[in-house]
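Below are the chains, spelled out letter by letter.
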Amino acid sequence: MLEMIGQEPLRQNEAPQRALPPRPKLSIDIFTLVQNAKVLIKHGELRLARHLLRESLQKDPKNVYVLKTLADCLDKLNQWDEAEKVLKALCQQEVNFPNLSMRAHNHYKLGQDHLALQSYFEALALVTDDIPELYEIYKNVGNIFVRQGDFESAEENYNKAYTRASNSDVLLVNYGTLEVQRGDLDKALFCFRKAVEVNPLNDRAWVGLGMIHSHFGDFELAWGNLIKASDINPENRTALILLAQWSTQMNSVDTVIERFVQYFSKVSEDSELSILLIKLFIEKSEYYPAHLEFVRAICFDPQNQELQKLNEVFSKLEINQ
């Protein structure tokens, strides 16, 4: 597949050089607030920076410089819902490729695929040069089309991304995922192998290899691939889910429990993985830690039906309190 991808010729920059638009004027007090916020962002004090930028925006709600800085801060905080409100206001004040692409990426992170595609296409309509930012756009558009089941459009956009970053391990994993969806596991295997050659620390590629080798019946190799993925990224949920599913078969329940405990030392709330951990504890007849995890999980997700079923299980067990 990858050998057949043609290299698209880069478009020549035929547009005359244009002077950059003047930066928006800032009053002294807003300038001070924004500069202090940028210093805080640089040092990781994102919430304090957000407070200063909100204060700046109250003073000048239409200032594009403040809006861009606040949107960037909110993105770093993963507060994409609020960022969308800011980016909407920004695009109303200034329509250009950077602003539209920023809003498109935000829609993408929110899982709003339809809105993301719309914003991506609006941004692409303003592009006259072959710029590095196009790689991320074409890659994300391809991912959206994979989720929508439009594999031809997905490959078309992955190919466009490939011409701009032919050695991207992330893109190779995406190609592998596309081939899994198509049912061509040999091509998927090639893509995942190529990805780990490019970047041996790509945990998603190791998970992909594990899934393919499992399908081919090589469970020892598949297990090793998943362990490798979990070693690289202890927060890889897919690796943990598959390890839990295969733990009994591989006689490694204790090993998987340890990895789940490590995961929850970093992640406080994850009902799906909590349920798997509870079941692993129960399988080992370790009812007390199972009940502790149940109590913790039910506090975060009291309406979860699967947890409610587990509550019935615990009511029938004698647990040493």
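In this report, the structure presented in the accompanying data block is examined. (Residues numbered from 1 in each chain as written. Predicted model: local features only at pLDDT ≥ 70, side-chain atom pairs only at ≥ 80, totals over all residues. Heavy atoms only, no water.)

Describing the overall build of the protein chain
The secondary structure content of the protein chain amounts to 17 helices and zero strands. With the C-alpha coordinates aligned to their principal axes, the bounding extent of the protein chain is approximately 75 × 50 × 30 Å. Per-residue burial for the protein chain yields a buried fraction of 45% across its 321 residues. The contacts in the protein chain between residues at least 6 apart in sequence include a share of 54% that link residues at least 24 apart. (Helix = DSSP H or I, 4+ residues; strand = E, 2+ residues; numbered from the N terminus. Buried < 20%, exposed > 50% of the residue type's maximum accessible area, 1.4 Å probe, protein only. Contact = heavy atoms within 4.5 Å.)

What about the packing of helix H9 (residues 169-182) against helix H11 (residues 203-215)?
In the contact formed by H9 and H11, the axes pass within 9 Å of each other and the chain directions differ by 25 degrees. On the basis of their axis angle, the class for H9 and H11 is roughly parallel. You can see that H9 and H11 cross each other, and the crossing is left-handed. Between H9 and H11, the contacting residues are Val170, Val173, Asn174, Thr177 and Val180 on the first element and Arg204, Ala205 and Ile212 on the second. (Axes fitted to C-alpha atoms, helices over the stretch in contact; angles between N-to-C directions. Parallel < 35°, antiparallel > 145°, perpendicular 65-115°, else oblique. Left-handed = near helix turned anticlockwise from the far one by under 90°.)

A closer look at H11
With 13 residues, H11 should reach 18 Å at 1.5 Å per residue; the first-to-last C-alpha distance of 19 Å fits that figure. By the criterion of burial, H11 is predominantly enclosed, with ten of the 13 residues buried. Elements in contact with the buried residues of H11: H9, helix H10 (185-198), helix H12 (219-232) and helix H13 (237-246). Between the side-chain oxygen of the N-cap and the backbone nitrogen of Arg204 there are 3.1 Å, and the N-cap of H11 in question is Asn202. At the C-terminal side of H11, Gly217 shows a positive phi close to 90 degrees. (Expected span 1.5 Å × (residues − 1). Polar contact = N/O pair within 3.5 Å; in protein donor to acceptor, adjacent residues only side chain to side chain.)

Some thoughts on the nonpolar core
Counting residues in hydrophobic clusters, the biggest one holds 46 residues, and the most contacted among them are Phe260 and Leu307. When residues of this core are assigned to their parent elements, the largest contribution, seven residues, is made by H13. (Core = buried A, V, L, I, M, F, W, Y, C linked by side-chain atoms within 4.5 Å.)

Side note on the side chain of Asn304
Residue placement: Asn304 occurs in the loop between helix H16 (287-300) and helix H17 (305-315). Asn304 gets classed as buried once you look at its relative accessible area, which sits at 16%. At a separation of 2.9 Å, a polar atom in the side chain of Asn304 contacts the main-chain amide nitrogen of Glu306. Polar side-chain contacts of Asn304 include one of 3.0 Å to the backbone nitrogen of Leu307. Look past the residues within four positions of Asn304 in its chain and what remains in contact with it is Ser271 and Ile275.

Focus on the pattern of salt bridges
A complete count under the given rule lists 19 salt bridges for this structure. A salt bridge links Asp113 to Arg147; its shortest N-O distance comes to 3.0 Å. Of this pair, Asp113 sits in helix H6 (residues 113-124) while Arg147 sits in helix H7 (residues 133-148), and the two are 34 residues apart along the sequence. With relative accessibility at 15%, the residue Asp113 sits in the buried group. (Salt bridge = Lys/Arg side-chain N within 4 Å of Asp/Glu carboxyl O.)

Quick notes on the environment of Asp301
Checked against the element boundaries, Asp301 lands in the loop between H16 and H17. Between the alpha carbons of Asp301 and Asp270 there is a distance of 8.9 Å; along the sequence they are 31 residues apart. Once you skip the residues sitting within four places of it in the chain, Asp301 turns out to touch Ser271 and Leu307. Separated by 3.0 Å, the side chains of Asp301 and Asn304 make a polar contact.

Topic: unusual backbone geometry
Note: most residues except glycine have negative phi, and most peptide bonds are trans. Of note in the backbone geometry, Asn251 takes a positive phi value of approximately 55 degrees without being a glycine. One can find Asn251 in the loop between H13 and helix H14 (253-264). You will see that Ser285, though not glycine, has its phi angle at about 60 degrees, which is positive. Relative to the elements of secondary structure, Ser285 occurs in the loop between helix H15 (271-283) and H16. You can call Ser285 partly exposed: its relative accessible area is 46%.

Observations concerning the packing of helix H5 (residues 97-109) against H7
Where H5 contacts H7, the two axes come as close as 11 Å, and the packing angle between them is 35 degrees. Relative to H7, the crossing made by H5 is left-handed. Here H5 contributes Phe97, Ser101, His105 and Tyr108 to the contact with H7, which in turn contributes Glu133, Leu134, Glu136, Ile137, Asn140, Asn143, Ile144 and Arg147. Per-class residue counts for the contact of H5 with H7 are five nonpolar, four polar and three charged. (Nonpolar A, V, L, I, M, F, W, Y, C, P; charged D, E, K, R; others polar.)

Considerations on the side chain of Ser119
Looking at the element boundaries, Ser119 is found in helix H6. Not counting chain neighbours up to four residues away, the residues in contact with Ser119 comprise Leu100, Ala104 and His107.

Examining the packing of aromatic side chains
Here the structure, examined in full by the defined rule, presents four aromatic pairs. Both rings, one in Tyr162 and one in Tyr175, keep their centres 6.3 Å apart while their planes meet at 80 degrees; by these two values the pair is edge-to-face. In this pair, Tyr162 sits in helix H8 (residues 151-162) while Tyr175 sits in helix H9, placing the two residues 13 residues apart along the sequence. No difference in accessibility class separates Tyr162 from Tyr175, as the two residues are buried. Among the aromatic residues, those joined into a cluster by ring pairs are Tyr158, Tyr162 and Tyr175. (Phe/Tyr/Trp six-rings, centres within 6.5 Å; stacked < 30°, edge-to-face > 60°.)

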